[in-house]
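Summary of structural features
Here are the chains, one letter per residue:
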Amino acid sequence: MKFFKSLTTGQRTIALSLGFMLVLSIVRLFTNADDITSSGTISSTLRVATPILLAGLAGVWAERVGIVNIGIEGMMIIGTWFGGYGAWKWGTWAGIALAIVAGSLVGLLHALATVRFNVNHVVSGIAINILAAGTTEYLSIIFFKGQQGGGESQSPAGKGGYGEFDMPFLSGGRIGSWRSPDILGWIEKKNDLPLLPDLAGLLRGLVSDIYVPTIVAISLVPITAYVLWRTRFGLRVRSSGESPQAGESLGVPINRLRYQAMAISGGLAAFGGAYLSCVFTSTYRQGQTGGQGYIGLATTIFGNWTPFGVFRGSILFGFPSALKFRDEKNVPALLLVIAVILIALGIVSAMKNKQMLTMGLLIGAAISAATYFLVDEVPQEFVAATPYIVTILVLAGAQQQLRPPAYAGIAYRAGENH
Amino acid sequence: MKSQRLQRMAVTSASSLLAVFVALCICAVVLLITGKDPIEAYRTLFGAAGDTKVLQGSLNRATPLMISAAAVAIGFKMNLFNIGVEGQMRVALLATAVAGAAVDLPAPLHILFCFIVAMATGAIWAGFAGWLKVKRGVNEVISTIMLNFVALSLVAWAFDSFFRAESTTGSVLVKTKELPTSAWFPDIVDRRLSGMFFIAVLVLILFYVLVWKTKFGFQLRASGANPGASRVTGVNPKRMVMISMLLSGALAGLVGMRALLGDVHAYQNNLAEQQGFNGIAVALLGRNHPLGIFISALLFGYLGEASGRLQLIDIPKEITTIMTGIIVLAVVIINEAVKRWDDRRIQHKAALALESVAVAA
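Residues numbered from 1 in each chain as written. Chains lettered and ligands numbered in written order. Predicted model: local features only at pLDDT ≥ 70, side-chain atom pairs only at ≥ 80, totals over all residues.

**Quick look at the overall build of chain B**
The helix and strand tally for chain B stands at 15 helices and two strands. A compact globule built from 361 residues would reach a C-alpha radius of gyration of about 21 Å, and chain B, at 23 Å, matches this within 12%. A principal-axis box enclosing the C-alpha atoms of chain B has dimensions of 85 × 55 × 35 Å. Among the 361 residues that make up chain B, the fraction classed as buried is 48%. (Helix = DSSP H or I, 4+ residues; strand = E, 2+ residues; numbered from the N terminus. Rg over C-alpha atoms; globule rule 2.2 N^0.38 Å. Buried ≥ 20, exposed ≤ 12 C-beta atoms within 10 Å, placed from the backbone.)

Structural data, given as structure tokens:
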């Protein structure tokens, strides 16, 4: 345990994902659910996880500056609409850019209400969600109804998608007209070996069928971590969320920072929305976000308000859906994965002499293993509910490990708290 | 004292009215920008008030809003934010539809039985959030949001796997087994106005009595206003959190009853959808007061009913959703501004009084 604690967040992410791959590999060998580590699943996990990741990063930016953002869902909805509109008029990148601008404006509106007018953060967030839903539905009827391919609740198809590209040599990408060998794909097919094909599948998933916006989104994880923890601006943003009085007494312009961070938060959430309407699909549809903003909020909590934690959370929450997209019959194998993970957690808690927790974890493991042998398929509603249940369990069980920004959501008026 | 309270009430109502007015102005600008005529739009929207059919429809729409707003407001009084009314309502809807169709009772008892089932299931679902808050310190905003989605999935799954009934009318909508007629809540006035309207009014009256006229209500408000001080007087804040969460959930269970017992008589997907969420807006505009809730529920009910008329003159009815969002934002902003202005006024008055005492001495 000491060793694990001595690692940096990045190293922990790698260690945890290697451990996770090992578990998946074992389960794959036992169950023949080959798709659970195939490159196809990995790359579709990335695609499913990207909007969640962006929404989660939006949550990190907002809460780190001290503003609770329940309006992420609304900002995403705005993102889907403007993304769809921009993609239809000018093309996908324009759609994303337009969405980010619109989302930043909504973020600023949230900041205006909470910072300037000191409104309860949750109330303002709810108002933004209602406004976003109403505005997009209204605008759709004005702009999309009667257009070729558009309608009351959907936009005409966007111009051009992203050519998915494959990396040469690693996953058989093309160089000019020559098709390079698919080395990782070759290893991946040797699926009676343990671990090796799984790792190959993971790597190939990361370098094949990739969209450029996905790469941009993922690179925002280290960028956010760098800006928030390695720059003066980031230090100030965090001081605003931890102890604005202290920051203010040192001359940090708390209000300005809050506007800036909320603009970033809104822009990120809207990018997540635009990803859904311009990249994942090519049209805006009403209700496209389907609560992913709230899953993003969940990953903010699950990821302990850190960008790498949010990344882990979004992959974890995206994985079951991606697996379900690929092939329904692989989903039950996840029950075994859960069982193995619960046993591992049980061993850790046994080492810490927490008997009640160990018992609970082992019983959980037994239940999920038993369920695997009893059922043929996992209802999709359970897959859908997993992120929310996991978040409740984390909040209920690991509250001590969670470190939310101390001042997030608390009313604060600059210049009056001394 | 009396005049001060009246003054405060006048200020409160004025600021709510101002919020509605601001929302109407902003929506007029939105309409203008998108090339629609706002005057014509508002004339159509509010001109519909002369039509008794529209008015009855508005009362029907206001019914669930009053109950869900009361559910939200009872939490607010305790500084608790129950965003989970929607989920609690949904769980209660399915449970009541199933339990109500399974028993055979004489008419008033059957309805009473349905109410009890609905309130109990709603309370249990809200109780999870209460338990998490009291025992594990989990913020109720997050837990009720998460429980909403869990409820959505759970109910969809349970409905799909166990409780679908074969359609007898050949309709494509899948429903649960229909409730026996003894559980149908009667309509009054030409079978147009749901009798549930009076139940909703009763709920608001009881809400008033409970919160403002009982010892429990006093403890609730005191605990919400200053948990530390009220703990010293012997009020257990954790117990108050749990009780208000359970009460809120029980009311949330009743929200869907107009749709279930008074309209569809079976559970189906999308039944009473959004009525739990919309209660939040109603409670905010009504300032958590029964009278305010009553009036704002009527307003939102009317907007919902009359918005259909807008489509006849080619204006999307979704403008009323935008209006709702702006009203919510405007009302809280105006309240904050008024509160600060009021604080400063009182401070100023106190300063003046002190000064005159000092001069006299």
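**Description of the overall build of chain A**
Broken down by element type, chain A carries 17 helices and two strands. In terms of overall dimensions, chain A is globule-like: its C-alpha atoms have a radius of gyration of 22 Å, near the 22 Å expected for 418 residues. C-alpha atoms of chain A, sized along the principal axes, occupy 65 × 60 × 40 Å. Counting over 418 residues, chain A shows a buried share of 52%. Residue pairs at least 24 apart in sequence account for 74% of intrachain contacts in chain A once pairs closer than 6 positions are excluded. (Contact = placed C-beta atoms within 7 Å.)

**Some words on the interface of chain A and chain B**
In this complex, chain A contributes 35 residues to the contact, which on the side of chain B involves 35 residues. With 14 residues, helix α6 (residues 121–143) of chain A is the largest single contributor of residues to the side of chain A that touches chain B. Split by residue class, the side of chain A that touches chain B holds 25 nonpolar, eight polar and two charged. (Nonpolar A, V, L, I, M, F, W, Y, C, P; charged D, E, K, R; others polar.)

**What about the nonpolar core?**
If you look at the biggest cluster of nonpolar residues, it comprises 221 residues, and the most contacted ones within it are Met-66 and Ala-70 of chain B. It is helix α12 (residues 254–280) of chain A that contributes the most residues to this core, 15 residues altogether. The residues contacting Ala-70 of chain B, other than those within four sequence positions of it, are Val-203, Leu-204, Phe-207, Leu-251 and Ile-293 of chain B. (Core = buried A, V, L, I, M, F, W, Y, C linked by C-beta atoms within 7 Å.)

**Structural notes on the environment of Gly-83 of chain A**
Positionally, Gly-83 of chain A belongs in helix α4 (residues 72–89). As a C-alpha pair, Gly-83 of chain A and Leu-276 of chain A span 193 residues in sequence and 8.5 Å in three-dimensional space.

**Digging into unusual backbone geometry**
Residue and element names in this part refer to chain B. Of note in the backbone geometry, Ala-272 takes a positive phi value of approximately 60° without being a glycine. By the element assignment, Ala-272 lies in the loop between α12 (257–264) and α13 (275–285). Not every positive phi belongs to a glycine, and Gln-274 is a case in point at roughly 75°. Turning to its location among the elements, Gln-274 is positioned in the loop between α12 and α13. On the neighbour-count criterion, Gln-274 (15 C-beta atoms within 10 Å) is partly exposed.

**Here's the deal with the packing of helix α14 (residues 307–326) of chain A against helix α17 (residues 380–397) of chain A**
Residues and elements named next belong to chain A. With their axes 8 Å apart at the nearest point, α14 and α17 run at an angle of 160° to one another. Considering their axes alone, α14 and α17 lie roughly antiparallel with respect to each other. At the point where α14 passes α17, the crossing takes the left-handed sense. The segment α14 lies against α17, with Phe-317, Pro-320, Ser-321 and Lys-324 engaging Gln-380, Val-383, Thr-386 and Pro-387. Class assignment for the residues of the contact of α14 with α17 results in four nonpolar, three polar and one charged. (Axes fitted to C-alpha atoms, helices over the stretch in contact; angles between N-to-C directions. Parallel < 35°, antiparallel > 145°, perpendicular 65-115°, else oblique. Left-handed = near helix turned anticlockwise from the far one by under 90°.)

**Describing the packing of helix α3 (residues 52–76) of chain B against helix α14 (residues 290–312) of chain B**
Residues and elements named next belong to chain B. The N-to-C vectors of α3 and α14 enclose an angle of 135°; their axes lie 7 Å apart at closest approach. It follows that α3 is oblique to α14 by the angle criterion. Like other packed secondary-structure pairs, α3 and α14 cross with a definite hand, here right-handed. In this structure, α3 uses Val-54, Gly-57, Ser-58, Leu-59, Arg-61, Ala-62, Leu-65, Met-66, Ala-69, Ala-70 and Ala-73 to contact α14, whose residues at the interface are Ile-293, Phe-294, Ala-297, Leu-298, Phe-300, Gly-301, Tyr-302, Gly-304, Glu-305 and Ala-306. Here the residues of the contact of α3 with α14 sort into 15 nonpolar, four polar and two charged.

**Comments concerning α13 of chain B**
Among the 11 residues in α13 of chain B, 10 count as buried, and that is most of the element. Phi turns positive, to about 55°, at Arg-287 of chain B, one or two residues after α13 of chain B.

**Regarding the confidence of the model for chain B**
Per-residue confidence for chain B averages 89 on the pLDDT scale, and 97% of its residues sit at or above 70. If you check the scores for this complex, the pTM reads 0.89 and the ipTM reads 0.90. (pLDDT = per-residue confidence, 0-100.)

**Digging into the environment of Ser-240 of chain A**
All names here are of chain A. Note that Ser-240 resides in helix α10 (residues 232–242). For the pair Ser-240 and Ala-55, spaced 185 residues apart in sequence, the C-alpha separation works out to 21 Å. Not counting residues up to four positions away in its chain, the partners in contact with Ser-240 are Val-65, Gly-66, Gly-247, Val-252, Ile-254, Leu-257 and Arg-258.

**Focus on the environment of Thr-63 of chain B**
Residue and element names in this part refer to chain B. Considering the arrangement of structural elements, one finds Thr-63 in helix α3. Assessed through the 28 C-beta atoms surrounding it within 10 Å, Thr-63 is described here as buried. Sequence separation of Thr-63 and Ala-358 is 295 residues, and the distance between their C-alpha atoms is 56 Å. Apart from residues lying up to four places away in sequence, Thr-63 is in contact with Ser-194, Met-196, Phe-197, Ala-200 and Arg-258.

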